[in-house]
Amino acid sequence: MRYSVLTLFPDAVLPYTHTSIVGKACDKGLITVEAINPRDFTANKHRKVDDTPYGGGPGMVMAAQPLVDAYESLLALAEPSITLLTSPGGRPLTDGWARKLASLQHIVILCGHYEGMDARVHDCIPNVHEVSIGDFVLTGGELAALCVIDAVSRFIPGVVQKTESVDGDSHSATDIYPKGLLEHPHYTRPETFRGYPVPEVLLSGNHAAIAAWRHQQALDKTRRIRPDLLP
Ligand code: ADE
């Protein structure tokens, strides 16, 4: 997978992609992440990337020209590809969507800033989809871009060691629970920590009983915290 991130702040994006599981995926050549700065494509001498909104209103709007020129500077897209534009007004990023995105070869991510982008980026860049990482507003799209890269990369074969560990995670869909359940709790050594023991069943070696306990825990937690996920 090739990720191309168009961002005014490459330094906010690249360091994360060199760490942990995503970093290892880069080292193994399973993914590549490049950051392109639209400021390098400004056509004005002050390298200004934003301007006041037509029609008035607060804040600044990212101009279309530097973004579109930065997009067009990308070497031939690896196909199939998609372009995502980070926005609190976009389609919510879900595990299901991330899994589908992982089957592509190239994801271009335009990071929003200020009040938003000149809407004509949609006219000039093909196949743009707005993506939101939640019902809250960030100061910029870089964290959202990293969320996309991280969530999608987990579904690329070889990025996460055991595929079962991806399938058993929170939000993994099953036939009975199409929106998935929140994950059951985990425990590791020691058996007792500060007087709190590991639940007996996990020490029993009884795999059916362990699976049943975990499922019940997942169901209880989902009912408590995210009842909207239940069918
Ligand atoms: N930019 C600002 N807030 C955002 C959000 N919630 N998701 C994606 N991009 C954003």
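**A few points about the pattern of salt bridges**
Move 1: By the definition in use, this model includes eight salt bridges.
Move 2: A salt bridge links Arg-223 to Asp-220; the nearest nitrogen and oxygen atoms lie 3.9 Å apart. Taken together, the positions of Arg-223 and Asp-220, both in helix H8 (residues 207-225) and three residues apart, correspond to about one turn of that helix.
Move 3: Shared partners join several salt bridges into a network, and the residues in it are Asp-95, Arg-154 and Asp-169.

**Quick word on the site of the ligand**
Move 1: Taken together, Thr-86, Ser-87, Pro-88, Val-131, Ser-132, Ile-133, Gly-134, Phe-136, Val-137, Leu-138 and Ala-144 make up the full set of residues near the ligand.
Move 2: Taking Gly-134, its main chain carries an N or O atom lying 3.1 Å from a nitrogen atom of the ligand.
Move 3: Taking Leu-138, its main chain carries an N or O atom lying 2.9 Å from a nitrogen atom of the ligand.
Move 4: Burial of the ligand by the protein amounts to 96% of the accessible area it has alone, namely 260 Å².
Move 5: If you list the elements that add at least two residues to the shell around the ligand, you get strand S5 (81-92) and strand S7 (128-132).
Move 6: If you tally residues by element for the shell around the ligand, the top one is S5, at three residues.

**Describing helix H6 (residues 142-153)**
In an α-helix, one full turn covers 3.6 residues, which means residues spaced three or four apart are oriented alike.
Move 1: If you check H6, its first and last C-alpha atoms are 16 Å apart, about what 12 residues at 1.5 Å a residue would give, namely 16 Å.
Move 2: All buried positions along H6 are accounted for by Glu-142, Ala-144, Ala-145, Leu-146, Val-148, Ile-149, Ala-151, Val-152 and Ser-153.

**Quick look at a nonpolar patch on the surface**
Move 1: A grouping of Phe-136, Leu-138 and Leu-143 is seen on the molecular surface, where their side chains present a nonpolar patch of about 280 Å² in accessible area.
Move 2: According to the relative accessible area criterion, Leu-143 is exposed, its value standing at 55%.

**A look at the domain arrangement of the protein**
Move 1: The domains assigned to the protein are domain 1 (2-153) and domain 2 (168-229).
Move 2: Averaged C-alpha coordinates put domain 1 and domain 2 at centres separated by 35 Å.

**Digging into the sheet that holds S7**
Move 1: Spatial strand order, S2-S1-S6-S5-S7: five strands in an open sheet with parallel pairing. A single partner strand is all that each edge strand has here, and the edge strands are strand S2 (32-36) and S7. Between one strand axis and the next, the sheet turns through 30° on average, direction left out of account.
Move 2: As judged from the six bridges shared by S5 and S7, these two strands associate in the parallel manner. Bridge pairing in S7 places Leu-85 opposite Glu-130.
Move 3: Strands in contact with H6 are strand S1 (2-6), S2, S5, strand S6 (106-110) and S7; relative to S1, the strand with the most contacts, it is inclined by about 175°.

Thresholds applied
- Residues numbered from 1 in each chain as written.
- Predicted model: local features only at pLDDT ≥ 70, side-chain atom pairs only at ≥ 80, totals over all residues.
- Heavy atoms only, no water.
- Salt bridge = Lys/Arg side-chain N within 4 Å of Asp/Glu carboxyl O.
- Helix = DSSP H or I, 4+ residues; strand = E, 2+ residues; numbered from the N terminus.
- Near = heavy atom within 4 Å.
- Polar contact = N/O pair within 3.5 Å; in protein donor to acceptor, adjacent residues only side chain to side chain.
- Areas by Shrake-Rupley, 256 points an atom, 1.4 Å probe, with all protein chains shown as cover.
- Expected span 1.5 Å × (residues − 1).
- Buried < 20%, exposed > 50% of the residue type's maximum accessible area, 1.4 Å probe, protein only.
- Patch = residues over 30% accessible without salt bridge, like charges linked within 9 Å, V, L, I, M, F, W, Y side chains within 5 Å.
- Domains from an automatic or database assignment.
- Pairing = 2+ DSSP bridges.
- Axes fitted to C-alpha atoms, helices over the stretch in contact; angles between N-to-C directions.
- Contact = heavy atoms within 4.5 Å.

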